[in-house]
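Listed here are the chains, written in short residue letters.
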Amino acid sequence: PGAWGRSIECGRAAAGVARFSFEELCGSPLSAEDYAALVAKAQVHTFVVSDVPRFTLKLHNEARRFTNLVDTLYEHQCRLVCSAAAP
């Protein structure tokens with residue numbers, strides 16, 4: 001479930017924990033409202049995000065979406081576990 005009728009697919013979720021690739025969450029035009037809907041409607045409290053790239057100017061939009069994701073998770077007191085290309 002997402003905001004404004006958008007859907008966010010997650011085939012790997014159980015007991016409030018959902019696993020996504022960076023591309024699934026930040027590679028498409030999603031907003032903070034979409035991330036908040038995952039928390040509220042799908043009752044996800046822990047997000048596992050894999051393959052977070054090293055951000056460059058080329059990935060400006062994706063970096064902004066990732067920042068929105070982190071802010072939304074913080075506001076909703078959710079956990080974030082991620083694997084990244086850079087420390």
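Read on for an overview of the structure. None of the values given here were measured: they were computed from a predicted structure. (Residues numbered from 1 in each chain as written. Predicted model: local features only at pLDDT ≥ 70, side-chain atom pairs only at ≥ 80, totals over all residues. Heavy atoms only, no water.)

As for the packing of aromatic side chains
Scanning the model with the defined rule gives four aromatic pairs in all. For the pair Phe 20 and Phe 47, a centre-to-centre distance of 6.1 Å together with 20 degrees between the ring planes defines the contact as stacked. Within this pair, whereas Phe 20 is found in strand β2 (residues 17–21), its partner Phe 47 is found in strand β3 (residues 46–52), the two being separated by 27 residues in sequence. Aromatic pair Phe 22 and Phe 66: ring centres 5.9 Å apart, planes at 50 degrees, arrangement tilted. Here Phe 22, found in helix α1 (residues 22–26), pairs with Phe 66, found in helix α3 (residues 60–75); they are 44 residues apart in sequence, far enough to count as distant. In this structure Phe 66 comes out as buried when scored by relative accessible area, which is 13%. Following the ring pairs from residue to residue traces out a cluster consisting of Phe 22, Phe 55 and Phe 66. (Phe/Tyr/Trp six-rings, centres within 6.5 Å; stacked < 30°, edge-to-face > 60°. Helix = DSSP H or I, 4+ residues; strand = E, 2+ residues; numbered from the N terminus. Buried < 20%, exposed > 50% of the residue type's maximum accessible area, 1.4 Å probe, protein only.)

A closer look at the pairing of strand β4 (residues 79–84)
As judged from the five bridges shared by β3 and β4, these two strands associate in the parallel manner. Its bridge partner lying in β4, Val 48 is registered against Val 81. (Pairing = 2+ DSSP bridges.)

What to know about the pairing of β3
With five of seven residues buried, β3 is to be regarded as a mostly interior element. Note: β2 against β3, five bridges, orientation parallel. When the sheet's bridge partners are listed, Phe 20 is paired in β3 with Val 49. Read as a crossover between parallel neighbours, the route from β3 over α3 to β4 is right-handed. (Right-handed = clockwise from strand over helix to strand, strands pointing away.)

Let's talk about the sheet that holds β4
Across the sheet, which stays open at both edges, the four strands sit in the order β1-β2-β3-β4 with mixed pairing between neighbours. Edge strands, defined here as strands with exactly one partner in the open sheet, are β1 (13–14) and β4. α3 contacts β3 and β4 of the sheet and is inclined by roughly 150 degrees relative to β4. (Contact = heavy atoms within 4.5 Å. Axes fitted to C-alpha atoms, helices over the stretch in contact; angles between N-to-C directions.)

Thoughts on the nonpolar core
Counting 18 residues, the largest nonpolar core has Phe 20, Leu 25, Phe 47, Val 49 and Leu 69 as its most contacted members. Those elements that place two or more of their residues in this core are β2, α1, α2 (32–41), β3 and α3. Once residues within four sequence positions are removed from consideration, Phe 47 is found in contact with Ala 18, Phe 20, Leu 25, Leu 38, Val 39, Leu 73, Arg 79, Leu 80 and Val 81. (Core = buried A, V, L, I, M, F, W, Y, C linked by side-chain atoms within 4.5 Å.)

Any functional reading would require information beyond the geometric quantities listed.
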